[in-house]
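Chain by chain, the residues run as shown.
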Amino acid sequence: MLDQSKTNKITSDLLSHIRLNYAFKLWMGFLITSFLVCMYAYITQLDKGLAVTGLGDYVSWGMYISNFVFFVATSLIGMLISSVLGLSGAKWAAPLARIAEIIALAFAAVAGLVIVMDMGRPERLINVFLYGRIQSPITWDVTVVTCYVLISTLLLYIPLIPDMKYCYEKTDNTPKILKNIYKALSLNWIGSDEQKKILNKSVLILSILIIPVALGIHTVTSWLFASTSRTGWDSSIFGPYFVSGAFVSGCAAVIIAMNVYRSSYNLKDYITEMHFDKMAKLLVLVSLVYLYFNLNEYMVPGYKMKKFEAMHLHELFAGSHAILFWSVQVFGLIIPIILLLFKKMRKPSPMLIIALFVLLGAWFKRYIIVVPTMEHPFLPIQNVPFSFKVYTPTLTESLITLAPIILVLIIVTGLSKLFPIIPIQETIDHYEETK
Amino acid sequence: MFRKNIIIKITIAFIITAFFSLQLNAQRWDVPSNKKAKNSYIKFDNNTAKSGEEVYTKNCKSCHGDVGKANGNKTLNPQPPDLSSTLTQELTDGELFYILNTGRNAMPNFKNTLSEEDRWKVISYIRSFNKKYVQVLSKTDPSKSKLVKINMNFNAATNKMNLSVVANEASGPVVLKDAEVMLFVSRYFGKLQIDKTIRTDKDGNATFNFPKDLPGDSIGNLTIVAKVSDEIYGEIESQTKLTIGVPTDKPSLTAKRAIWNVLKLAPWWIIITYTSIVLIVGLFLVLIVRNLFRISKIGAQQ
């Protein structure tokens, strides 16, 4: 049996961040103010319609849809870390599982809102449910994202049940309703063998179930593009290409979150340099896979240069999108891979910077996938003003694009103030086993 | 010496270029005199100009821009002129009408896309930008076109369609001589012209070669449209249905289950795959929620 003092230390360490301090209030205040500013921009869009954006007849998918793809992509990491690594017995990842799951839930849930933001008449969303056709990948996407949000919620919540007991018993200064919520959420947990058995089995089922569903959300999102025959989207590897890219941005998001939580919540003993080292290696692995898919996606059509694709590819390789295209590939993928091969770079601070680059690159990569194709339809664009042919996002649109990103930060911060972000029970069990 | 030579060459080159570019700009319209004198039977006023503006916005603005603002499409060569310009306004109504009927270079012809009335109305709109313009009304009486009858006769043996055009004047029938006649068959999106545009003979007859292989509806019906335009009687259009096409009974593309069809006619494989996936995931979720209740119950019992 583990000595009581050790258990107590773990519990109090891991519960210590559940309190409202000055820094949190300041940060949350900042987030909420910025969010309100962005919401004001959204209200002008509700009032005037999509005319306030740079979208039009030709480029009808711009930053909003790029944002959506980015959100769905980043949410995939929950499946990789908490389920795939968990199932394969990689014990080191256990303390990161909840961080990954929180990121997954926040991004997946907000992704749905991003789609609504792309609608000039959001009240017509109801028509998707009234008149939607199950032949349409859009319907599949709505379905599978909903499933993923549900499963992610359960996968976040169920391992939390024993911890809820700790939250109820061991936190002080928490308001009474919060205590009651903890009590309700702990589902009368007493830690009996029978309860543990049911809990472990449920987590196992969800861990397996989430794999096809997570692959599904991003594959279906890629099909939104790949099922049309437009240059740049008409590709048979779009599913795995998107999924591998998703792991890249997800890993980067987790690394950033690890960094922030570790330093601001004093978790240096629980999120160690070993974790960063392993995450760095994971990021290199998924980035290499993604690089491989990039090679396929651009080299193969680039070698053939078929008539319509040639125009599109020239714009990417040497034309108006070239700077963005190559920056994304070089600074968001190739340089991070090379840097992370060095042991010195696999430390928290350098990794924070590298991960920020990777995440930024991942966002612009989605832009590069969505926008240039829209600018190159098969039928030539004729007799329209120049501004119709190229897409230039407006300020209002940029603010509206920022809103969901801020919302994710609010959710991620908020959840980490309500629940322990390192699983307490598992950490205790782990110490017991290794004692 | 050398320098002088160069200067002379440059000057010559300059003059030649200037000459040619002038040529391109000044290429005016060569309109036959009888067409040039044609006038509108519609009196131009604010109302006609207003309906003309609608026609203009839909059909002309994409190239010519807003009248008076010289903001037409600059990428075309020659550039579509601003129609309020003196050069354009100096053209007679008949010339404008002729330009609309024939087109040139990038300027399309509107003979078959706009009715005669709409063509005159858009001219009325163009004229509304010219304060000095005074209209000369045509002597044709538009109500006269109602007197005209077009008879269509199909000869199955020779595959010829014979048209006879007669105006039933109060004084007795008058045949329309030397009137322009066109024959069309209706199809999805517009009309298909049959044979060439011809003129009626001295007996008011016109004969067209009719193809044998036009697909009709399920029993071979074709909708035939004849268009006559005459100096005195104006434009007359007449339609009839004749069973002279090839019976075609293709099933509609939306008759069977297909990807592109409505929800009710979705392909079975999609319905089955989709619903079974949703059911399986749903079933597991129900199972998990049940487990949560079990956990709670065990704790409450002890």
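Just so it is clear, the model here is predicted, and its values are computed rather than measured.

### Focus on the confidence of the model for chain B
And step 1. Averaged over every residue, the pLDDT of chain B is 89; residues scoring 70 or more account for 92%.
And step 2. Scoring of the predicted complex yields 0.76 for pTM and 0.90 for ipTM.

### Notes on empty space enclosed by the protein
And step 1. Counted according to the given criterion, the structure contains 3 cavities of 30 Å³ or more.
And step 2. Of the volumes computed, that of the largest cavity is approximately 80 Å³.
And step 3. Lining the largest cavity we find 14 residues, and of these Tyr290, Gly332, Leu333, Gly361 and Ala362 of chain A sit closest to its centre.
And step 4. Looking at the lining of the largest cavity, the elements that each hand over two or more residues are helix H11 (238-264), helix H12 (273-304), helix H14 (322-340) and helix H15 (348-375) of chain A.
And step 5. Looking at the lining of the largest cavity, the element that brings in the most residues is H15 of chain A, giving 5 residues.
And step 6. Looking at the lining of the largest cavity, its residues break down into 6 nonpolar, 6 polar and 2 charged.
And step 7. The computed volume of the second largest cavity comes to approximately 60 Å³.
And step 8. Around the second largest cavity, the lining residues are Lys111, Asn112, Glu180, Met182, Lys227, Val228, Ser229 and Glu235 of chain B.
And step 9. Counting only elements with at least two residues in the lining of the second largest cavity, the list comes to strand E4 (180-186) and strand E7 (222-230) of chain B.
And step 10. Element by element, the count of residues in the lining of the second largest cavity is highest for E7 of chain B, at 3 residues.

### Looking at the pairing of strand E6 (residues 205-209) of chain B
The side chains of a regular strand alternate between both faces of the sheet.
Residues and elements named next belong to chain B.
And step 1. Of the two faces of E6, the one lined by Ala206 and Phe208 is fully buried and the one lined by Asn205, Thr207 and Asn209 carries no buried residue.
And step 2. Pairing analysis gives 5 bridges linking strand E2 (residues 160-169) to E6, with the strands arranged antiparallel. When the sheet's bridge partners are listed, methionine 161 is paired in E6 with phenylalanine 208.

### Comments concerning a nonpolar patch on the surface
And step 1. Residues Leu295, Met299, Val300 and Tyr303 of chain A make up a contiguous nonpolar surface patch of roughly 460 Å² in combined accessible area.
And step 2. The class of tyrosine 303 of chain A is exposed, set by a relative accessible area of 71%.

### So, the interface of chain B and chain A
And step 1. Contact residues are listed per partner, giving 31 residues for chain B and 29 residues for chain A.
And step 2. For the pair chain B and chain A, the summed buried surface comes to about 2500 Å²; carbon and sulfur atoms form 76% of the total.
And step 3. The largest contributions to the chain B side of the interface with chain A come from Tyr274, Ile288 and Ile295 of chain B, which together make up 24% of the buried area.
And step 4. At the junction of chain B and chain A, the tally comes to 0 salt bridges.
And step 5. The tally of links between chain B and chain A comes to 10 residue pairs in polar contact (both at pLDDT 80 or more).
And step 6. Counting residues per element, the ones that place at least two in the side of chain B that touches chain A are helix H4 (61-64) and helix H8 (268-301) of chain B.
And step 7. Here the side of chain B that touches chain A is composed, by residue class, of 23 nonpolar, 7 polar and 1 charged.

Calculation criteria
- Residues numbered from 1 in each chain as written.
- Chains lettered and ligands numbered in written order.
- Predicted model: local features only at pLDDT ≥ 70, side-chain atom pairs only at ≥ 80, totals over all residues.
- Heavy atoms only, no water.
- pLDDT = per-residue confidence, 0-100.
- 1 Å grid on protein atoms, 1.4 Å probe; cavity = no way out; pocket = protein on both sides within 12 Å on 5 of 7 lines; lining within 4 Å.
- Points joined across faces, edges and corners; volume = space filled by probe spheres on them.
- Helix = DSSP H or I, 4+ residues; strand = E, 2+ residues; numbered from the N terminus.
- Nonpolar A, V, L, I, M, F, W, Y, C, P; charged D, E, K, R; others polar.
- Buried < 20%, exposed > 50% of the residue type's maximum accessible area, 1.4 Å probe, protein only.
- Pairing = 2+ DSSP bridges.
- Patch = residues over 30% accessible without salt bridge, like charges linked within 9 Å, V, L, I, M, F, W, Y side chains within 5 Å.
- Areas by Shrake-Rupley, 256 points an atom, 1.4 Å probe, with all protein chains shown as cover.
- Salt bridge = Lys/Arg side-chain N within 4 Å of Asp/Glu carboxyl O.
- Contact = heavy atoms within 4.5 Å.
- Buried area = accessible area lost by both parts, 1.4 Å probe.
- Polar contact = N/O pair within 3.5 Å; in protein donor to acceptor, adjacent residues only side chain to side chain.

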